[in-house]
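Listed here are the chains, written in short residue letters.
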2 protein chains.
Amino acid sequence: MPALEGLGILCPMQTMADVKPRKRVVIAGAGFAGLNAAKVFADLPDVKVDVIDQHNYHLFQPLLYQVATAGLNPADIAVPIRAQFTKSENIDVHLASVQKIDLEKKIVTCASYDIPYDYLILACGAQHSYFGHDEWEPYAPGLKTLEQATEIRRRILTAFETAEDETNVKKQQILMTFLVAGGGPTGCELAGAIADISRTVLLKDFRHIDPSHARVLLVEGGKRLLPSFPEDLAQRAEQDLKKLGVEVRTGAMVKRIDAEGVQVGDEFIPCQCVFWAAGVEAARLKMEPPVDMDKNGRIRVQKDSTLPYYPEVFVVGDLAAFEKEPGKILPGVSAVAIQSGRHAAENILRSILGEPMLPFQYFDKGQMATIGKNHAIAVIGKLKISGYVAWVAWLFVHVFYLVGFKNRIEVMLLWVWSYAFSKRGSRLITKPEWHT
Amino acid sequence: MPALEGLGILCPMQTMADVKPRKRVVIAGAGFAGLNAAKVFADLPDVKVDVIDQHNYHLFQPLLYQVATAGLNPADIAVPIRAQFTKSENIDVHLASVQKIDLEKKIVTCASYDIPYDYLILACGAQHSYFGHDEWEPYAPGLKTLEQATEIRRRILTAFETAEDETNVKKQQILMTFLVAGGGPTGCELAGAIADISRTVLLKDFRHIDPSHARVLLVEGGKRLLPSFPEDLAQRAEQDLKKLGVEVRTGAMVKRIDAEGVQVGDEFIPCQCVFWAAGVEAARLKMEPPVDMDKNGRIRVQKDSTLPYYPEVFVVGDLAAFEKEPGKILPGVSAVAIQSGRHAAENILRSILGEPMLPFQYFDKGQMATIGKNHAIAVIGKLKISGYVAWVAWLFVHVFYLVGFKNRIEVMLLWVWSYAFSKRGSRLITKPEWHT
C-alpha cells in the first residue's frame, strides 16, 4: 500500500504514524470531481472515506449525447462507483441523496442515516435550469442523466416511427422537426448527431418518409455559438453544422415551449421533439448555516476551494464558483472538475499533516467539441484545430479517457469501429413503465 | 432478387408472372414467429408485407434473464425490426398495437389506421399470467420485456445497496432475500444467475454485507423443476442449483404476494425482491367474430395452423395451441415459434400459387437450460447432457443464434469473454422516471 510520500505531499521525514487518529472524509457526489477526489484516498487506510451519490454509477457525461442518439449503450459510459474501489477497504460507497448538511456539527444527513465528517468535499454537480420556466421541462428534457438520454433517444426514434405511419404531410413534417435549445458544446453535439443519424443510419430503413428531410434547428440566445471557444473556431463549427443540414439561429430567444412547439422570438415553430441544453444551475443543497452562492447557485469558494469560515469543507466541480480573476468564473467542464476534485483531496492530506493548504490553480488543457461525425473543433493551448484532424483528436482523447475509466480497451475499439462505420447498435425505444 | 423457385415451392414451370396481382400479407408481432415469417417474404416483390409490433425492436427472449442480472445490455439482445428489412422494399414495418381484427372484412385495426389483408399471420406471443392475481404484479414483475428486465435488475442491485446501509441485521437479511416463483427454464436460469452474481461479481464490492449470504429461493408449485425436461436431467439441475446456494422448494404453492413478502404454503417468507416466472398466457386479441381459445388464451388452430373457417388467417408461435396429439399442445418455446412462423409464410406462398397447404410439423431439435455459470442441461434428440459440457453447448448455440441475429460476431465474442471472466458490464440502477 503506498504511503503518503508516494504522492509527493509528505516530506521524507513524515510517515503515516504522524497523522493518526484516523480522519473521516465525506465526499458528496461521484461525478468527475468526487470520483477523482476519492481516488486520491484509495489505499490510504488511515483516512476513512464515505462517498455518497444518488446513482450507483459514475457517468462519463461528455458522451451522454451519444446515448441520446443511439450510438452508445448506457452501460458503455457508466461504471459502478463501487467497482472503482473494490480493493480500497477504507472507502465506503453509499447510494443515497444528501438531504442536509450541518456545517457547525459537521454532519451530512441522508434519508435514513447521518454521516459525521472531519473533512467534507461537496461535488454534487449541476443540473439543467429552465430560467424559472420549469413548466417547459416535460416538453424539453435536458441531457444530464442516463434517464434523460434514453428519454431523448425514445423521443427521436418514436418521432420517425410515427412520421412513417402519418399520412398528413404537414403533420409528418412537424414530427420530423427537432429543435435543440442552447448553442454550447452539448447543444452543438446533440444537433449535429441528430442531423447525422437522420442522414446516415436511418436513411434507408423507412418507406414513406425520407429521414434526411428531417429539420434540425439549433437555437441560441447569444450572438454566436460556442461562446467559450475562439470566434473563428465557433464560425467553423457553425459552417460544419450547416453542411450537415442543421438550421442555426443565433440571437434567437426561446420564449415559450409547450406541447405544440416552441416560440422563438417572433416565430412559432411547431414541433414535438425539443431538447434543452441552454442553461445549467448548481445542485441545490440545504446547508446550515446557508452559504454564499452566485446567481447560478454555484457556491463561492476561497482560493484553496474551501468555504469561508469552514476550512474543512471543500466545494469542487460544477458546484463551485472558482474566481479565476475578479468576476470571471471557471467553466463547468470536466477538466475543472477532475483537477479541483484531486486538489481538494490533496489539500485535505496536507491539512491532516499540518501543512498549509495550497490555492487551486486550473491548468487549462484546452477544449473540444464534435460536430456530427468527422468534424470537430479544438483549442489546445494556443493551437486551434478544426475539421477531420480535430475529430480524430477528439476521438483519441475520449477513447483514452474511456479506456482508463472502463478498463476495457476492447470495448472502446469496438465502439470506434462501429462509430466509424455508422452502425448504431442501440436504437431501442424503451418505455419508462415496466408493467404490462 | 430470388424468385419463388429458389425456395423450392414453385414448380419449374411456374413464374412470378402467374401469381399477380400483388397479395397483401399482414404479420402481427415481430417475435421469433413473426420475424421468421416476414423473412420468407423478403425480396419477393409481388407480395406486400406489413409487420406490426408494439416495439421497434425484435427481442432475443432466451437471454432476457442475462439483462435482468446485469450480464448483458438491453441493446445486446435486441435489434431494430426495421434494420432487418432495410433492403426488402416490399416489407413495411409499423410501430403500433393491434386494437382489433375483423376476420370477415379482413382488416387489422391499429390505433390510428386500418390495414387490410389478403393473408394474416397472428404472432403476438404471450405474457405473464398471475392466475387471476394481477394485484401481485407490482411486487413480482415477470420477465418478458426489456423494461421488466431492467426493472428486475434495478430491484436486485438496489436491494444490495440498501442492505449495505442498513444497520438492523434482520432487515438486512430480508433485503437480501430473493424469491423466484416458477421452476421452468426462466425461473431456474434467473435464480441461478442471481445466486451466481451474489457469489462472484458482487462479492468484494461491499463493506458491511456479504453478498454471498444472499438467500435465493426458487418456488415451484408442481412436484419437480423443469417439467418439460426428462426427470433425471431436472434432478441434476436441482442439484446444481442447490450447489450454487439456491433453496429449491417444489410442491410449494404461492398463495399471496404483497409488499412484505410471499406466503408459500403455510410459511410466510419476508422479502421484497420477488420475480414471477410461474405462468404465461397468450396475448389477448380482440377478434370479430371471437375465436376458440384454450384456458391459457391460446388460439386453437388446424393442422396447417390456420383458423377454422378462415384459411387466410394463420396463428403461430406462443399465441397458437398446436395439438401435437389429442390433448397435447406444443410448448411455447422459440423453436416452435421459428418453425411455425416460417411454415405459415410458406403456406401462404403455396396458397398464392394455388397449391395445397401443408400441415405444420414441428421438428424437435431439443431444449436446454443454464444453471448459473458453467452448468446446464440439454436434451438433443435422444442425447441427454448436463454439467459443463452442456453449458458449453448452450453457449455455442446461443452465440450462434445471436451472431446470426446481431450480425456482429465480435460483440458476441466479447460477451463470451466477459461472461467467462465474470465481468458484469451493465450494473446500472436506472430509474423509470427521466425528469429531475
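Above this text you will find the structure in question.
Now for a description of the structure that goes with this document.

About the criteria used
- Residues numbered from 1 in each chain as written.
- Chains lettered and ligands numbered in written order.
- Predicted model: local features only at pLDDT ≥ 70, side-chain atom pairs only at ≥ 80, totals over all residues.
- Heavy atoms only, no water.
- Helix = DSSP H or I, 4+ residues; strand = E, 2+ residues; numbered from the N terminus.
- Buried < 20%, exposed > 50% of the residue type's maximum accessible area, 1.4 Å probe, protein only.
- Pairing = 2+ DSSP bridges.
- Contact = heavy atoms within 4.5 Å.
- Axes fitted to C-alpha atoms, helices over the stretch in contact; angles between N-to-C directions.
- Core = buried A, V, L, I, M, F, W, Y, C linked by side-chain atoms within 4.5 Å.
- Salt bridge = Lys/Arg side-chain N within 4 Å of Asp/Glu carboxyl O.
- Nonpolar A, V, L, I, M, F, W, Y, C, P; charged D, E, K, R; others polar.
- Left-handed = near helix turned anticlockwise from the far one by under 90°.
- Phe/Tyr/Trp six-rings, centres within 6.5 Å; stacked < 30°, edge-to-face > 60°.
- Patch = residues over 30% accessible without salt bridge, like charges linked within 9 Å, V, L, I, M, F, W, Y side chains within 5 Å.
- Areas by Shrake-Rupley, 256 points an atom, 1.4 Å probe, with all protein chains shown as cover.
- Polar contact = N/O pair within 3.5 Å; in protein donor to acceptor, adjacent residues only side chain to side chain.
- Least-squares fit on C-alpha atoms with pLDDT ≥ 70 in both.
- Disulfide = S-S within 2.5 Å.

### A look at the overall build of chain A
Line of reasoning, step 1. For chain A, the count of helices and strands is 10 helices and 28 strands.
Line of reasoning, step 2. Among the 436 residues that make up chain A, the fraction classed as buried is 57%.

### Concerning the sheet that holds strand 2 (residues 47-53) of chain A
Residues and elements named next belong to chain A.
Line of reasoning, step 1. If you walk across this open sheet you meet the six strands as 5-2-1-9-22-21, and the pairing is mixed. What marks the edges here is a single partner per strand, and that holds for strand 5 (91-95) and strand 21 (306-307).
Line of reasoning, step 2. Alignment of strand 1 (residues 23-28) against strand 9 (residues 119-122), held across four bridges, turns out to be parallel. Within strand 9, the position partnered with Ile27 by the bridge is Ile121.
Line of reasoning, step 3. Relative to strand 9, helix 8 (residues 334-352) is tilted by about 170°, and along the sheet it contacts strand 1, strand 2, strand 9 and strand 22 (310-315).

### Digging into the nonpolar core
Line of reasoning, step 1. Counting 98 residues, the largest nonpolar core has Ile27(A), Phe41(A), Ile77(A), Ile121(A), Phe160(A), Phe178(A) and Phe275(A) as the members making the most contacts within it.
Line of reasoning, step 2. At eight residues, the largest contribution of residues to this core is made by helix 4 (residues 146-164) of chain A.
Line of reasoning, step 3. Non-local contacts of Ile121(A), meaning those with residues more than four positions away in its chain, are made with Val26(A), Ile27(A), Ala28(A), Ala37(A), Phe41(A), Phe314(A), Val316(A), Ala344(A), Ala345(A) and Ile348(A).
Line of reasoning, step 4. Counting 96 residues, the second-largest nonpolar core is a separate cluster that includes Leu35(B), Val93(B), Val248(B) and Ala390(B).

### Some points on the interface of chain B and chain A
Line of reasoning, step 1. In this assembly, 58 residues from chain B lie in contact with 58 residues from chain A.
Line of reasoning, step 2. When the shortest N-O distance is used, the salt bridge between Glu164(B) and Arg82(A) registers 3.9 Å.
Line of reasoning, step 3. Counting residues per element, the ones that place at least two in the side of chain B that touches chain A are strand 4 (78-80), helix 3 (81-84), strand 5 (91-95), helix 4 (146-164) and helix 10 (409-420) of chain B.
Line of reasoning, step 4. The residue makeup of the side of chain B that touches chain A, split by class, is 22 nonpolar, 16 polar and 20 charged.

### Considerations on the packing of helix 1 (residues 32-41) of chain B against helix 8 (residues 334-352) of chain B
All names here are of chain B.
Line of reasoning, step 1. Closest axis-to-axis distance for the helix 1/helix 8 pair is 7 Å, and the angle between their directions is 35°. Considering how the two elements wind past one another, helix 1 and helix 8 form a crossing that is right-handed. Two secondary-structure elements touch here, helix 1 through Phe32, Ala33, Asn36, Ala37, Val40 and Phe41 and helix 8 through Ser334, Ala337, Ile338, Gly341, Arg342, Ala345, Glu346, Ile348 and Leu349.
Line of reasoning, step 2. Of the residues that constitute the contact of helix 1 with helix 8, the class distribution is 10 nonpolar, three polar and two charged.

### A few points about the sheet that holds strand 12 (residues 215-219) of chain B
Residues and elements named next belong to chain B.
Line of reasoning, step 1. Taken together, the four strands give an open sheet; going across it, the order is 13-12-11-17, and neighbouring strands pair in parallel fashion. Of all strands in the sheet, those bounded by a partner on one side alone are strand 13 (246-249) and strand 17 (273-276). Each strand of the sheet is rotated relative to its neighbour by a mean of 20°, with strand direction disregarded.
Line of reasoning, step 2. As paired strands, strand 11 (residues 177-181) and strand 12 are joined by five bridges and run parallel to one another. In the sheet register, Phe178 faces strand 12, and the bridge partner there is Val216.
Line of reasoning, step 3. Each of strand 11, strand 12, strand 13 and strand 17 touches helix 6 (residues 185-199); the most contacted strand, strand 12, lies at about 175° to it.

### Observations regarding the packing of aromatic side chains
Line of reasoning, step 1. One pass over the structure, following the stated rule, counts 16 aromatic pairs over all chains.
Line of reasoning, step 2. An angle of 75° between the planes, with centres 5.7 Å apart, marks the rings of Phe32(A) and Phe60(A) as edge-to-face. With Phe32(A) in helix 1 (residues 32-41) and Phe60(A) in the loop between strand 3 (57-59) and helix 2 (64-68), this residue pair connects regions lying 28 residues apart in the sequence.
Line of reasoning, step 3. When its relative accessible area of 4% is taken as the criterion, Phe60(A) is described as buried.
Line of reasoning, step 4. Ring geometry for Trp136(B) versus Trp276(B): centroids 5.7 Å apart, planes at 65°, classification edge-to-face.

### Here we look at a nonpolar patch on the surface
Line of reasoning, step 1. A surface patch of nonpolar side chains, about 430 Å² in accessible area, is lined by Phe396(B), Val397(B), Phe400(B) and Tyr401(B).
Line of reasoning, step 2. In this structure, Val397(B) sits in helix 9 (residues 387-406).

### Considerations on the side chain of Glu164(A)
Line of reasoning, step 1. Tracing the backbone through its elements, the reader meets Glu164(A) in helix 4.
Line of reasoning, step 2. A relative accessible area of 2% places Glu164(A) in the buried class.
Line of reasoning, step 3. Side-chain polar atoms of Glu164(A) contact the backbone nitrogen of Arg207(A), separated by 3.0 Å.
Line of reasoning, step 4. Dropping the residues within four chain positions of it, Glu164(A) is found in contact with Phe206(A), Arg207(A), His208(A), Ile209(A), Arg82(B) and Val93(B).

### Some remarks on the relation of the copies chain B and chain A
Line of reasoning, step 1. Note on the copies: chain B fits chain A at an RMSD of 0.0 Å, the axial shift is 0.0 Å, and the rotation between them is 180°. Given the turn and translation reported, the copies of this chain are related as if by a two-fold rotation axis. Identified as the residue of chain B closest to the rotation axis by C-alpha distance is Pro432(B), at 2.4 Å.
Line of reasoning, step 2. The fraction of interface residues of chain B whose copies in chain A are also interface residues reaches 100%, indicating that both copies meet through the same surface.

### Concerning the pairing of strand 22 of chain A
All names here are of chain A.
Line of reasoning, step 1. Counting buried positions along strand 22 gives five out of six residues, so the element sits mostly inside the fold.
Line of reasoning, step 2. As judged from the three bridges shared by strand 9 and strand 22, these two strands associate in the parallel manner. Note that in strand 22 the partner of Leu122 across the bridge is Val315.
Line of reasoning, step 3. In this structure, strand 21 lies alongside strand 22, joined through two bridges in antiparallel fashion. Residue pairing across strands places Leu307 opposite Tyr310, the latter belonging to strand 22.

### Examining helix 1 of chain B
All names here are of chain B.
Line of reasoning, step 1. In terms of burial, helix 1 is largely enclosed, as nine of its 10 residues are buried.
Line of reasoning, step 2. Those residues of helix 1 that sit buried are Phe32, Ala33, Gly34, Leu35, Asn36, Ala37, Ala38, Val40 and Phe41.
Line of reasoning, step 3. Two residues or fewer past helix 1, Asp43 is found with a positive phi of approximately 65°.

### Observations regarding the state of the cysteines
Line of reasoning, step 1. One pass over the structure, following the stated rule, counts zero disulfides over all chains.
Line of reasoning, step 2. Cys273(A) supplies the cysteine sulfur nearest to Cys271(A), a cysteine that is in no disulfide, at a spacing of 7.9 Å.

### With respect to the pattern of salt bridges
Line of reasoning, step 1. Scanning the entire structure with this criterion turns up 34 salt bridges over all chains.
Line of reasoning, step 2. Where Arg298(B) meets Asp294(B), a salt bridge forms, and the shortest distance between an N and an O atom there is 3.0 Å. The pair Arg298(B) / Asp294(B) is uniform in exposure class, with both members buried.
Line of reasoning, step 3. Among the ionic contacts, a cluster of salt bridges with common partners joins Arg24(A), Lys48(A), Asp50(A) and Asp92(A).

### Let's talk about the pairing of strand 6 (residues 98-102) of chain B
Residue and element names in this part refer to chain B.
Line of reasoning, step 1. Bridge count for strand 6 against strand 7 (residues 107-110) is four bridges, and the pairing is antiparallel. The partner of Val98 across the bridge, within strand 7, is Cys110.
Line of reasoning, step 2. From the end of strand 6 to the start of strand 7, which pair antiparallel, there are four residues, and Lys106 there has a positive phi angle of about 60°.
Line of reasoning, step 3. Pairing of strand 6 with strand 19 (residues 287-288) involves two bridges; the strand directions are parallel. Bridge pairing links Asp102 to Glu288 in strand 19.

### Notes on the environment of Val49(B)
Line of reasoning, step 1. Relative to the elements of secondary structure, Val49(B) occurs in strand 2 (residues 47-53).
Line of reasoning, step 2. In this view, Val49(B) contacts Val25(B), Ile27(B), Phe41(B), Asn90(B), Ile91(B) and Asp92(B); residues no more than four positions away in its chain are not counted.

### A closer look at unusual backbone geometry
Line of reasoning, step 1. Glu288(A) connects to Pro289(A) through a cis peptide bond whose omega is -10°.
Line of reasoning, step 2. Relative to the assigned elements, Pro289(A) resides in the loop between strand 19 (287-288) and strand 20 (299-300).
Line of reasoning, step 3. One non-glycine residue with positive phi stands out, namely Ala70(B), at about 70°.
Line of reasoning, step 4. The buried category is assigned to Ala70(B), whose relative accessible area is 3%.
Line of reasoning, step 5. A positive phi angle, close to 45°, is found at Leu226(B), a residue other than glycine.
Line of reasoning, step 6. With respect to the helices, strands and loops of the structure, Leu226(B) is situated in the loop between strand 12 and helix 7 (231-244).
Line of reasoning, step 7. Residue Leu226(B) is classed as buried on the basis of its relative accessible area, which comes to 0%.

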